[in-house]
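Topology and contacts: notes
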Amino acid sequence: MRERDLVGRAGRFVVEGEVTLRLLLGPRSRFRPESLLLAPERFAGLAEAARNAPAPVYLAGKPVMSAVTGFPIHRGVLAIGLRGEEPAPEAIVPPAPAPALVLALSGLTNHDNVGAAFRNAAAFGADAVLLDAGSCDPLYRKAIRVSAGAALVTPFARLAEGTDWLDLAERLGLEALALSPGAGELLGEAPLPGRVLLILGTEGPGLSRGLLARARALRIPMAGDFDSLNVATAAGIALHAVARAQRRLGTEPPAAPSAPVG
């Protein structure tokens, strides 16, 4: 069974590697495992976690694992997770007037970028990640691996086809900040709000002109004439800036929320 069929039709996903498996089995995981497949030499180091797993554990040599999965197994650690019901955005975004930091991914079709964006979201304390209908699935094996397991513990929701980001932001009481190298305002020039929907588009086309005209558009200052950043790098810089403004980092208490939007 190909992974895209497993993910798209069977409600399951593949977890590969010890770090991501421990997150899947840990208390912060949003998902539960269906089964584990381990190389015998890896079982000793994972025995306690595996024994506590609410799922059967199978042992097989790496040649057998590779034959079962259809791709070469190097780490000797695999699991099948169950997706369950996907939440609505309203269920994972803190309600106003509480502070909120939500990362919005628009049209990201590269699993490396989506995985890295999730890793940044987790590192800087984002409350949730929202993906439009055109973005790739964060529960693909590669996206989970690149995210260092953040996709398993960071709340996320996918929007229905045609959902308008700005209408959604207004409904959730968030101020939309749209990143674009062509924006007039520099990130950090003016105070950042206490409830943020941080919107990033795919590399190349970026966000639409219509969206940029309606949102508060920001750009990241760069040296010289260079104006291009990998989208995951841009997400990390912007998330860090908002997280600092909201005092999410270190031991400082959360900042007081700004006035509700709309």
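Right above here is the structure, for reference.
Summary of the structure given here. (Residues numbered from 1 in each chain as written. Predicted model: local features only at pLDDT ≥ 70, side-chain atom pairs only at ≥ 80, totals over all residues. Heavy atoms only, no water.)

Description of the environment of arginine 22
- Turning to its location among the elements, arginine 22 is positioned in helix α2 (residues 18-25).
- Distance from arginine 22 to alanine 50, taken between C-alpha atoms, is 9.1 Å for residues 28 residues apart in sequence.
- Ignoring any residue separated from it by four or fewer positions in sequence, one finds arginine 22 in contact with Gly45, Leu46 and Ala49. (Helix = DSSP H or I, 4+ residues; strand = E, 2+ residues; numbered from the N terminus. Contact = heavy atoms within 4.5 Å.)

Section: the packing of aromatic side chains
- Here the structure, examined in full by the defined rule, presents three aromatic pairs.
- With a centroid separation of 5.3 Å and 75° between ring planes, the pair formed by phenylalanine 13 and phenylalanine 31 is classed as edge-to-face. Residue phenylalanine 13 is found in strand β1 (residues 12-16), and its partner phenylalanine 31 is found in the loop between α2 and β2 (32-38); the two are separated by 18 residues along the sequence.
- When its relative accessible area of 10% is taken as the criterion, phenylalanine 31 is described as buried.
- Between phenylalanine 31 and phenylalanine 156, the aromatic rings sit 6.3 Å apart at their centres with planes inclined by 40°, giving tilted as the arrangement. With a gap of 125 residues between them, phenylalanine 31 in the loop between α2 and β2 and phenylalanine 156 in strand β7 (residues 156-158) connect regions that are remote in the sequence. Accessibility classification places phenylalanine 31 together with phenylalanine 156 in one group, the buried group. (Phe/Tyr/Trp six-rings, centres within 6.5 Å; stacked < 30°, edge-to-face > 60°. Buried < 20%, exposed > 50% of the residue type's maximum accessible area, 1.4 Å probe, protein only.)

With respect to the sheet that holds strand β10 (residues 195-201)
- Taken together, seven strands build an open sheet; the order of strands is β7-β6-β5-β10-β8-β11-β9 and the sheet is parallel. Each having just a single partner strand, β7 and β9 (185-186) make up the two edges of the open sheet.
- Relative to strand β6 (residues 128-131), strand β5 (residues 100-106) runs parallel, the two being bridged by four bridges. Across the sheet, the residue bridging to leucine 103 is valine 129, located in β6.
- Along the sheet face, helix α6 (residues 111-123) touches β5, β6 and β7 and points at about 175° away from the line of β5.
- Across the sheet, helix α11 (residues 231-245) touches β5, β8 (175-179) and β10, and the angle it forms with β10 is around 170°. (Pairing = 2+ DSSP bridges. Axes fitted to C-alpha atoms, helices over the stretch in contact; angles between N-to-C directions.)

Everything listed here is a matter of geometry and, on its own, says nothing about what the molecule does.
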